[in-house]
Amino acid sequence: MSLQSDAVFQKIIDGLKENEAKAKSVNGVFLYKITKDGKVAKEWTLDCKNAKAYEGPAQGVKVDTTLTVADEDMVDIALGKLNPQAAFMKGKLKIAGNIMLTQKLAPLLKTDAKL
């Protein structure tokens with residue numbers, strides 16, 4: 001299944017390749033559960049310890065933080081239309097695990113690209 005947020009994750013993958021040191025400074029592993037119509041449609045792993053991201057569950061690493069967000073909300077967060085803290089407060093973004101680690105993610109996820 002193709003989702004709108006696939007473009008966001010492709011941008012993240014490209015960004016990690018361009019700036020490995022910045023990614024490794026986050027020093028965490030994040031599992032994104034992207035939902036469509038209330039059901040998990042796709043999972044992405046963002047492994048900042050090894051500066052890589054890929055589709056699917058974490059492979060050989062322990063997940064520090066799991067984020068669950070709707071496909072369209074993930075796109076809005078990446079484009080800056082939806083503040084991640086506001087999304088969390090409204091229940092649009094659910095976070096399990098090390099919530100403080102997610103604050104280090106913001107600079108990595110900012111995108112200027114039009115998706």
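As shown above, the structure is provided for reference.
Please read all numbers here as calculations on a predicted model, not as lab measurements.

Novice: I'm lost on unusual backbone geometry in this one. Help?
Specialist: Where the residue is not glycine, phi is negative for most of them; where a peptide bond is considered, it is trans in most cases. If you check the backbone angles, asparagine 27 has positive phi at about 55 degrees while not being a glycine. Taking the relative accessible area as the measure of exposure, asparagine 27 reaches 47% and is therefore partly exposed.

Novice: What should I look at first to understand helix H3 (residues 71-79) in this one?
Specialist: Turning to H3, its buried residues number three or more, namely Asp71, Asp73, Met74, Val75, Ile77 and Ala78. Immediately downstream of H3, the backbone of glycine 80 shows phi near 85 degrees, a positive value.

Novice: It is not clear to me how the side chain of threonine 45 should be interpreted in this structure. Could you clarify?
Specialist: Tracing the backbone through its elements, the reader meets threonine 45 in strand E2 (residues 39-47). The exposure class of threonine 45 is buried, given its relative accessible area of 1%. Looking at threonine 45, its side chain comes within polar contact range of the main-chain nitrogen of alanine 58, at 3.1 Å.

Novice: Where do I start with the pattern of salt bridges in this structure?
Specialist: Opposite charge on two side chains permits them to pair, given that their charged atoms come into close proximity. This structure, assessed with the given rule, holds 7 salt bridges. With its nearest N and O atoms 4.0 Å apart, the salt bridge here joins lysine 24 to glutamate 20. Taken together, the positions of lysine 24 and glutamate 20, both in helix H2 (residues 20-26) and 4 residues apart, correspond to about one turn of that helix. We classify glutamate 20 as partly exposed; its relative accessible area is 40%. Linked by salt bridges that have partners in common, Asp6, Lys42 and Glu55 make up one network.

Criteria and cut-off values
Here the residue index of a chain counts from 1 through its sequence in written order. Whole-chain, interface and lining totals are the exception, using all residues; otherwise, since this is a predicted model, local features are given only for residues with pLDDT of at least 70 and side-chain atom pairs are given and counted only at 80 or more. As a convention, hydrogens and water are excluded, and side-chain values are obtained from all of the structure's heavy atoms. The buried label goes to any residue with under 20% of its type's maximum accessible area, the exposed label to any with over 50%, and the partly exposed label to all in between, with areas taken from a 1.4 Å probe on protein chains only. By definition, any uninterrupted DSSP run of H or I lasting at least four residues is a helix, any uninterrupted run of E lasting at least two residues is a strand, and each is numbered from the N terminus. Distance and chemistry together define a polar contact, namely a pair of N or O atoms within 3.5 Å, with one atom able to donate a hydrogen and the other to accept it when in protein, and with adjacent residues in sequence counting only for side-chain atoms on both sides. Criterion for a salt bridge: a side-chain nitrogen of Lys or Arg within 4 Å of a carboxyl oxygen of Asp or Glu.

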